[in-house]
Amino acid sequence: MAYNEFAYFYDEFNGEADYDALYEQIHSKLEAHGIRDGILADLGCGTGELTLMLTQAGYDMIGIDQSEEMLCVVRDKAEQLGLSGKLLLLRQDLLKLDLYGTVRGAVSTFDTFNHLPDLDTAIANAGFFMEKGGVFLFDMNTPYKHRQVLGENVFTFEEEDASCVWHNHYDLENRRVEISIDIDYRETGEHFHEQFFEYTYDLDTIRTTLEKHGFALESVCDGETFGELTDTSQRYFFCAVKQYTQLEG
């Protein structure tokens, strides 16, 4: 999945996201594992808010996204912040990830991995380029959110430049949410339509997949409050540590 036209309005429609709290959670986890500098990969970096915050904190960031439109937004933000030469941006499918070397850690936020139909390959790829002791910090939408919050619901977002209607359908048989987005520009009268899926993965499946590819799941918490998980948590937040390099494995 790659957001295309939606990329240019993602920040407006995602305005309630608490990036400061997310950054603090990630930065504290990295520091707790002794990772205060070095190369980090942001897998599915989107419009780059978190990527740029970590760049400003002194990490050598690689921002990876399948959407060229998303990466264009990141480039513009980096230029405005004077960070253009301090991060590397790659247009890649996470199921075909190919980095130039190893990384000390990786992050992936706002349910990027739910958009991937093959969780096994995605986690295997993240682990392949991870140093021993490297930390993988990522979130995913819970089955509860897919069934009860997205489900068959429709959400409407109104912004100054455009409006967006977000339709959801939960496909129980295939364990995925079918999502369609319609965007209307007010000034030009243009209309854009995008469709994609979010795949449902339960906690046991995620844990087993991490362990299969050399990660120890150190902790999982509520991805919005960063407190304990509840039956109505809408997002998981994982901290997993790589137990060996690929050559050792």
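What you see is a predicted model; the values in this text were computed from it and never measured. (Residues numbered from 1 in each chain as written. Predicted model: local features only at pLDDT ≥ 70, side-chain atom pairs only at ≥ 80, totals over all residues. Heavy atoms only, no water.)

Draft legend 1. Examining the sheet that holds strand β6 (residues 154-158) more closely. Sheet architecture is open: 4 strands sit in the order β6-β7-β8-β9, paired in antiparallel fashion. Each edge of the open sheet carries a strand with a single partner, namely β6 and β9 (191-199). If you compare each strand with its neighbour and ignore which way they point, the axes differ by 15° on average. Inspection of the sheet shows strand β8 (residues 176-185) paired to β9 by 9 bridges, in the antiparallel sense. Residue pairing in the sheet places D184 in a bridge with H191 of β9. Most of the contacts of helix α6 (residues 143-150) go to strand β7 (residues 162-171), to which it runs at about 115°, and overall it touches β6, β7, β8 and β9. (Pairing = 2+ DSSP bridges. Helix = DSSP H or I, 4+ residues; strand = E, 2+ residues; numbered from the N terminus. Axes fitted to C-alpha atoms, helices over the stretch in contact; angles between N-to-C directions. Contact = heavy atoms within 4.5 Å.)

Draft legend 2. Structural view of the packing of helix α5 (residues 119-128) against helix α7 (residues 203-212). Their axes nearest at 9 Å, the elements α5 and α7 cross at an angle of 40°. Here α5 is positioned oblique relative to α7, judged by the angle of their axes. In the packing of α5 onto α7, the handedness of the crossing is right-handed. For the pair α5 and α7, the contacting residues are L119, D120 and I123 in the first and I206, T209, L210 and K212 in the second. The residue inventory of the contact of α5 with α7, partitioned by class, reads 4 nonpolar, 1 polar and 2 charged. (Parallel < 35°, antiparallel > 145°, perpendicular 65-115°, else oblique. Left-handed = near helix turned anticlockwise from the far one by under 90°. Nonpolar A, V, L, I, M, F, W, Y, C, P; charged D, E, K, R; others polar.)

Draft legend 3. Quick look at unusual backbone geometry. We note that R175 has phi near 50°; this positive angle belongs to a residue other than glycine. Here R175 shows up in the loop between β7 and β8. On the accessibility criterion, R175 (35% relative accessible area) is partly exposed. At F226, a position not held by glycine, the phi torsion is positive, near 60°. With respect to the helices and strands, F226 occurs in the loop between β10 (215-222) and β11 (235-242). (Buried < 20%, exposed > 50% of the residue type's maximum accessible area, 1.4 Å probe, protein only.)

Draft legend 4. Spatial organisation of the side chain of H115. Examined against the element boundaries, H115 turns out to sit in the loop between β4 (103-108) and α5. Here the side chain of H115 touches E198 through a polar contact of 3.4 Å, side chain to side chain. (Polar contact = N/O pair within 3.5 Å; in protein donor to acceptor, adjacent residues only side chain to side chain.)

Draft legend 5. Just the packing of aromatic side chains, in detail. By the definition in use, this model includes 12 aromatic pairs. Arranged with centres 5.8 Å apart and planes meeting at 35°, the rings of F113 and F138 form a pair that is tilted. Of the two residues, F113 is situated in the loop between β4 and α5 and F138 in strand β5 (residues 130-141); the sequence distance between them amounts to 25 residues. Each of the two residues, F113 as well as F138, counts as buried. Ring centres of Y185 and F192 lie 5.5 Å apart, and the angle between their planes is 75°; on these two criteria the pair is classed as edge-to-face. What links up through ring pairs into an aromatic cluster is the set F113, F136, F138, F215, Y236 and F238. One cation-aromatic arrangement involves R176 over F197; the distance from NZ or CZ to the ring centre is 3.8 Å. Directly above the aromatic system of F215 lies the positively charged group of K242, at a separation of 6.0 Å from the ring centroid. (Phe/Tyr/Trp six-rings, centres within 6.5 Å; stacked < 30°, edge-to-face > 60°. Lys NZ or Arg CZ within 6 Å of the ring centre and 35° of its normal.)

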